[in-house]
Amino acid sequence: MLALGCHTTVVRDLRTLPKAHLHLHLTGSARLATVRELADKYGISLPSALVNEEVDWDKGGRDWSHFQCRYDAARQTIQSAEDVRRIIREAAEDDAAECSEWLELQVDPRSYARHLGGVDQTVEAMVDACQDAARTAEIGIGLLLAVSWDAPPEQAEQIAQLAARYTHRGVVGFGISNDERLGEPDTFVSASHIARDAGLLVAPHTGFYTDHFHVRRCVELLGARRIGHGITAAGDLRTLETLARSQVTMEICPTSYLPLGVLASLTQVPITVFQQAGVAVALGADDPLIFGTRLIGQYEILRDVHGLTDRALADLASQSVRASTAPAEVTKRLLADIDTWIR
Ligand SMILES: [Zn+2]
């Protein structure tokens, strides 16, 4: 499936590159049209950034509070198991259309529990929805249950225990999300133990606003095998060595950093630094509802802005597959298909 560019350059179609998508939040995965429709249904007024056709960050401020305000408003539109089912089915369809063949969705079940009848019922609805969506969209789906960085240890342990109870129904990991400046890794040691003992992946968000030390402690204290973002780690040699030695994969979402003032330019997304240090990277879309770009767009940025070759892009896709929790037979098949794409 090749498209010939000018002269002898061969530019392969990224929509046919098999890949795994490891960093996508439930509400953030939603289609804008769906959120608007649900908002109408429930009589919820959305912030202007979610009502206008263009997501214009310059009008909304470039900081976390503006992001959180938009995210919270969108999340309020998810009020029933049927809404959950629709959001997850559409996320699976959109990912499958981009040749993402293994999707891991992250969700803090406490954020949805009020409308869905409690935390346990929320997780029930979500694992059911993931199983149904996987069938209809013909894509593998894993669910990560997350707590907020401001959660107390007992609450983190409860979510880790809940995740451990659902390993046989598609829960694959334990995440820590929200603004990482709100918490310290020490708080989550016990919860991470519970998760790892159950065979779950520990994948906290860190190194977005916090420094490399916060990232390193997530690896050393929590046994994190994947890091959400972690871009500040790129500036510290010792942390890079720790990440490489521990075979940690960074979930990098290029379109998330400019809107929140973390980086000034897409050229600053530190993909090359990680790759040269031997640290694996998996590209993710994070919250396409808010940032306006799905998974394929992240690969396009690395091609168009960073000048990555098809070989380097295929390597990134392979890294996403290797860092996923997909069953071994799925991983093997996807790696072979990526090899076919590049050949
Ligand atoms: Zn995220």
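Up top is the structure.
Residues numbered from 1 in each chain as written. Predicted model: local features only at pLDDT ≥ 70, side-chain atom pairs only at ≥ 80, totals over all residues. Heavy atoms only, no water.

Enquirer: Explain the side chain of D95 to me, please; I cannot follow it from the model alone.
Expert: Looking at the element boundaries, D95 is found in helix α4 (residues 81–96). With sequence-adjacent residues up to four places away left out, D95 is seen in contact with H21, L24, S100, L103, I139 and L295. (Helix = DSSP H or I, 4+ residues; strand = E, 2+ residues; numbered from the N terminus. Contact = heavy atoms within 4.5 Å.)

Enquirer: Would you mind going over the sheet that holds strand β10 (residues 280–283) with me for this structure?
Expert: Note on sheets: strands pair through backbone hydrogen bonds, and any given pair is parallel or antiparallel. Ordered by their spatial adjacency, eight strands build an open sheet running β3-β4-β5-β6-β7-β8-β9-β10, and the pairing between neighbours is parallel. In this open sheet, the two strands that pair with only one neighbour each are β3 (19–25) and β10. Ignoring which end each strand starts from, the neighbouring axes of this sheet average 25 degrees apart. Relative to strand β6 (residues 171–177), strand β5 (residues 140–148) runs parallel, the two sharing six bridges. In the sheet register, L144 faces β6, and the bridge partner there is G173. (Pairing = 2+ DSSP bridges. Axes fitted to C-alpha atoms, helices over the stretch in contact; angles between N-to-C directions.)

Enquirer: I'm lost on the pattern of salt bridges in this one. Help?
Expert: A pair can form between side chains of opposite charge whenever their charged atoms are brought close. For the coordinates displayed, the defined rule picks out 25 salt bridges. D132 is the salt-bridge partner of R85, the closest N and O atoms lying 2.2 Å from each other. Of this pair, R85 sits in helix α4 while D132 sits in helix α6 (residues 119–137); the two residues are 47 residues apart in sequence, bridging distant segments of the chain. Relative accessible area serves as the criterion here: at 26%, D132 is assigned to the partly exposed category. (Salt bridge = Lys/Arg side-chain N within 4 Å of Asp/Glu carboxyl O. Buried < 20%, exposed > 50% of the residue type's maximum accessible area, 1.4 Å probe, protein only.)

Enquirer: How should the coordination of the zinc ion be read in this particular structure?
Expert: Note on metal sites: the ideal angle is 109.5 degrees for four tetrahedral donors, and 90 or 180 degrees for six octahedral donors. Surrounding the zinc ion are the protein donor atoms H23 (NE2), H25 (NE2), H205 (NE2) and D286 (OD), which sit 2.1 to 2.3 Å from the metal. What the four donor atoms of the zinc ion show is an angle range of 87 to 175 degrees at the metal, which sorts the shape as irregular. Coordination of the zinc ion draws on donor residues from a single chain, spaced H-x1-H-x179-H-x80-D in sequence. (Donors = N, O, S within 2.8 Å, 3.2 Å for Na, K, Ca; no water. Tetrahedral: all angles 85-135°; square planar, octahedral: opposite > 155°, others 65-115°.)

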